[in-house]
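Below, each chain spelled out in residue letters.
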Amino acid sequence: MTKDIFEDEKIKLTPEKGFDLIGIDYFAEPGNQLYLIEHFKMYQDALNAKKDRKNPDEYFVLYKGTGNEFFCR
């Protein structure tokens, strides 16, 4: 999967405030492969939830930076 395939989905799922834990459904149609798992107020909570998953590499955290830039970790 290339990074570009998910870019529009990432932008749509990025919260205005807080941090969203996002999952990837590789079997879904392109454009619908990302889905919200849970929203967190604190980054550390989102990161811990990601680490607790069976396959942490299949999840990531989306959030906006102070300059409204999009971040994915």
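Refer to the structure printed above.
Since this is a predicted model, take the numbers as computed values, not measurements.

## Some points on the overall build of the chain
Okay, step 1: For the chain, the count of helices and strands is two helices and four strands.
Okay, step 2: Counting from the amino terminus, the chain carries its helices and strands in the arrangement α-β-β-α-β-β.
Okay, step 3: Dimensions along the principal axes, computed over C-alpha positions, put the chain at roughly 30 × 30 × 15 Å.
Okay, step 4: In the chain, buried positions account for 34% of the 73 residues.
Okay, step 5: The long-range fraction of contacts in the chain, counting pairs at least 24 apart against all pairs at least 6 apart in sequence, stands at 44%.
Okay, step 6: Approximately 5,200 Å² of the chain is accessible, and the part contributed by carbon and sulfur atoms is 50%.
Okay, step 7: Counting 11 positive and 14 negative side-chain charges, the chain places the centres of these two groups 5 Å from one another.

## Details of the pattern of salt bridges
Okay, step 1: Scanning the entire structure with this criterion turns up two salt bridges.
Okay, step 2: The partner of Lys-10 in a salt bridge is Glu-7, with the nearest N and O atoms 3.8 Å apart. Here Glu-7 and Lys-10 lie together in helix H1 (residues 3-13), a separation of three residues that amounts to about one turn.
Okay, step 3: Relative accessible area serves as the criterion here: at 29%, Glu-7 is assigned to the partly exposed category.

## Quick look at helix H2 (residues 43-51)
Okay, step 1: Three or more residues of H2 are buried, namely Ala-46, Leu-47, Ala-49 and Lys-50. The buried residues of H2 occupy an angular sector of 160° when projected down its axis, which confines them to one face.
Okay, step 2: Considering only its buried residues, H2 is in contact with strand S1 (19-24), strand S2 (34-40) and strand S3 (59-64).

## Details of the packing of aromatic side chains
Okay, step 1: Under the counting rule described, the total for this entry stands at four aromatic pairs.
Okay, step 2: For the ring pair Phe-19 and Tyr-63, a centre distance of 5.2 Å and an interplane angle of 55° mean the geometry is tilted. With Phe-19 in strand S1 and Tyr-63 in strand S3, this pair connects stretches of sequence that are 44 residues apart. Each member of the pair, Phe-19 as well as Tyr-63, carries the same accessibility label: buried.
Okay, step 3: Ring plane angle 20° and centroid distance 5.3 Å describe the contact between Tyr-63 and Phe-71, whose orientation is recorded as stacked.
Okay, step 4: The buried category is assigned to Tyr-63, whose relative accessible area is 11%.
Okay, step 5: Across the ring face of Phe-60, the terminal group of Lys-10 is positioned such that the distance to the ring centre comes to 5.5 Å.

Rules and cut-offs
Sequence order as written defines the numbering, with residues in each chain counted from 1. For this predicted model, a pLDDT threshold of at least 70 governs which residues receive local features, and a threshold of 80 or more governs which side-chain atom pairs are given and counted, while totals over whole chains, interfaces and linings are taken from all residues. Side-chain numbers come from the whole structure's heavy atoms, not from hydrogens or water. Numbering of helices and strands runs from the N terminus, with a helix taken as a DSSP run of H or I at least four residues long and a strand as a DSSP run of E at least two residues long. Burial status follows relative accessibility: with a 1.4 Å probe on protein chains alone, a residue under 20% of its type maximum counts as buried, one over 50% as exposed, and anything between as partly exposed. Any two residues whose heavy atoms approach within 4.5 Å are treated as being in contact. Working definition of accessibility: Shrake-Rupley area with a 1.4 Å probe, residue cover restricted to the visible protein chains. Under this rule, positive means Lys or Arg and negative means Asp or Glu; His and the chain ends count for nothing. For the purpose of locating charges, the reference atoms are NZ of Lys, CZ of Arg, CG of Asp and CD of Glu. We define a salt bridge as a contact between a side-chain nitrogen of Lys or Arg and a carboxyl oxygen of Asp or Glu at a distance within 4 Å. Throughout, the arc means the angular range of directions from the helix axis out to the C-beta atoms. Whether two aromatic rings pair depends on their centres lying within 6.5 Å, for rings of Phe, Tyr and Trp, where Trp uses its six-membered ring; planes under 30 degrees apart make the pair stacked, over 60 edge-to-face, and the rest tilted. Whether a charge sits over a ring depends on NZ of Lys or CZ of Arg being within 6 Å of the ring centre and within 35 degrees of the ring normal.

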